[in-house]
Amino acid sequence: MFVLLFGPPGSGKGTQAAALASRLGVPHVATGDIFRKHLREGTDLGKLARSYMDRGQLVPDLVTCDLVASRLGEPDALGGVLFDGFPRSVPQLYWLIGHLGATGRKLAAVVNLKVDDGIILGRITGRRTCTNCGATYHVVSAPPGADGSCTRCGAAVVQRKDDTEAVVRDRLEAYAAQTFPCLDQLRDRTPIHDVDGVGGIDEIKGRIFTALAL
Ligand code: AMP
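Not measured: the values here are computed from a predicted model.

Parameters and conventions
Residues numbered from 1 in each chain as written. Predicted model: local features only at pLDDT ≥ 70, side-chain atom pairs only at ≥ 80, totals over all residues. Heavy atoms only, no water. Pairing = 2+ DSSP bridges. Helix = DSSP H or I, 4+ residues; strand = E, 2+ residues; numbered from the N terminus. Axes fitted to C-alpha atoms, helices over the stretch in contact; angles between N-to-C directions. Contact = heavy atoms within 4.5 Å. Parallel < 35°, antiparallel > 145°, perpendicular 65-115°, else oblique. Left-handed = near helix turned anticlockwise from the far one by under 90°. Nonpolar A, V, L, I, M, F, W, Y, C, P; charged D, E, K, R; others polar. 1 Å grid on protein atoms, 1.4 Å probe; cavity = no way out; pocket = protein on both sides within 12 Å on 5 of 7 lines; lining within 4 Å. Points joined across faces, edges and corners; volume = space filled by probe spheres on them. Near = heavy atom within 4 Å. Polar contact = N/O pair within 3.5 Å; in protein donor to acceptor, adjacent residues only side chain to side chain. Areas by Shrake-Rupley, 256 points an atom, 1.4 Å probe, with all protein chains shown as cover.

A. Molecular detail of the sheet that holds strand β4 (residues 107-114). Judged by pairing direction, the sheet is parallel, and its 5 strands sit side by side in the order β2-β3-β1-β4-β8 without closing on themselves. Every interior strand has two partners, whereas the edge strands, β2 (28-30) and β8 (192-196), have only one. Across this sheet, the average inter-strand angle for adjacent strands is 20°, counted without regard to direction. With 4 bridges joining them, strand β1 (residues 2-6) and strand β3 (residues 81-84) adopt parallel strand pairing. Bridging from a neighbouring strand, Leu-5 pairs with Asp-84 of β3. Sheet strands touched by helix α2 (residues 31-41): β2 and β3. Its angle to β2, the strand with the most contacts, is close to 65°. Each of β4 and β8 is contacted by helix α8 (residues 201-211), which is oriented at about 160° to β8, the strand it contacts most.

See the structure below:
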C-alpha cells in the first residue's frame with residue numbers, strides 16, 4: 001500500500017507519519033529526514049541539499065527522485081511505503097506515479113493534514129530537534145530534558161536552521177506554490193482524505209485512522 005501524507009511544514013506530519021506507517025505495516029519514508037542524515041554525515045548529497053534546505057527551498061526534483069528511487073528499491077519498500085514530505089512538486093508526483101506504474105503499482109490514498117499558517121509559525125519556531133536521533137520537542141508544549149538534552153538518547157537538542165521565522169515563511173510559500181498543486185492533480189485519481197491537523201497528537205491520529213478506515 002503506497003500512501004501519501006501531505007501537509008505544510010509544521011503540520012505534525014512527522015509525528016503522525018510514524019504512527020500511521022506502523023499501523024499500515026509499511027516503512028515511513030521522509031525525504032527531509034533522509035536529507036538531514038546526509039547532512040549530518042557530510043556526504044556530497046548532504047552538501048548539495050544544505051544550500052536549499054537552509055533557505056527553505058526545495059532540493060531539485062532530479063536529485064530528490066533519485067534518492068527516492070534508491071529507497072524504493074530496498075526490499076522492505078517493495079510492497080508499500082508511507083511517504084512523508086514527498087512528493088513536494090508536480091514533477092515529483094508524476095515521476096512517482098510513473099515509477100510505481102512501471103511495475104503495476106499505484107497510490108492507494110492521500111492524507112492531507114490541514115493547519116493554518118499562524119498556528120504553524122508558533123509550532124515551528126518553538127520546535128527543537130535532537131542532533132543525534134531526530135526526536136522533536138517544543139519549548140512550550142513538549143520541552144526536552146531539564147538540561148536541554150534529548151530524553152530519548154541524551155544528545156544535544158537544538159533549533160533546526162530552517163525552523164526560524166524567516167525560513168519558515170519561505171517554506172510555507174514553497175508549499176503553497178509547489179506542493180499544494182499536487183493535490184489538484186491527484187483529485188481525480190486517488191482518494192484524498194482531508195484531516196483537521198489541530199488538536200492533541202492522539203486526537204489527530206484517531207482522525208487519520210478513521211479517515212482511512214483503519
Ligand atoms: P521537511 O523535514 O520535510 O520539512 O524537509 C526539510 C527540507 O528538506 C525542505 O525544506 C526541503 O529543503 C528539503 N526536502 C524535503 N523533502 C523534499 C522533497 N520531496 N523535494 C525537495 N526538497 C525536499
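B. Spatial organisation of the packing of helix α4 (residues 61-72) against helix α5 (residues 90-101). Taken N-terminus to C-terminus, the directions of α4 and α5 make an angle of 30°; their axes are 10 Å apart at the nearest point. Here α4 lies roughly parallel to α5, going by the angle between them. The hand of the α4/α5 crossing is right-handed. Facing α4, whose interface residues are Asp-61, Thr-64, Cys-65, Val-68, Ala-69 and Leu-72, α5 presents Pro-91, Gln-92, Trp-95, Leu-96 and His-99. Looking at side-chain class alone, the contact of α4 with α5 contains 7 nonpolar, 3 polar and 1 charged residues.

C. View of the layout of surface pockets. By volume, the second largest pocket amounts to about 210 Å³. Lining the second largest pocket we find 13 residues, and of these Pro-8, Lys-114, Val-115, Tyr-175 and Phe-180 sit closest to its centre. Broken down by secondary-structure element, the contributors of at least two residues to the lining of the second largest pocket are β4 and α7 (165-186). For the lining of the second largest pocket, the leading source of residues is α7, giving 4 residues. Along the lines of polarity and charge, the residues of the lining of the second largest pocket split into 7 nonpolar, 1 polar and 5 charged.

D. Main features of the site of the ligand. Lining the immediate surroundings of the ligand are 16 residues, of which Thr-31, Arg-36, Gln-57, Gly-85 and Gln-92 lie closest. Backbone polar atom of Gln-57 to an oxygen atom of the ligand: 2.6 Å apart, as the coordinates give it. Interatomic distance of 2.9 Å between a backbone N/O atom of Gly-85 and a nitrogen atom of the ligand. Notes on the ligand: free accessible area 480 Å², of which the protein chains cover 95%. In terms of residue count, α2 provides more of the shell around the ligand than any other element does, 4 residues in total. Partitioned by chemical class, the residues of the shell around the ligand number 5 nonpolar, 6 polar and 5 charged.

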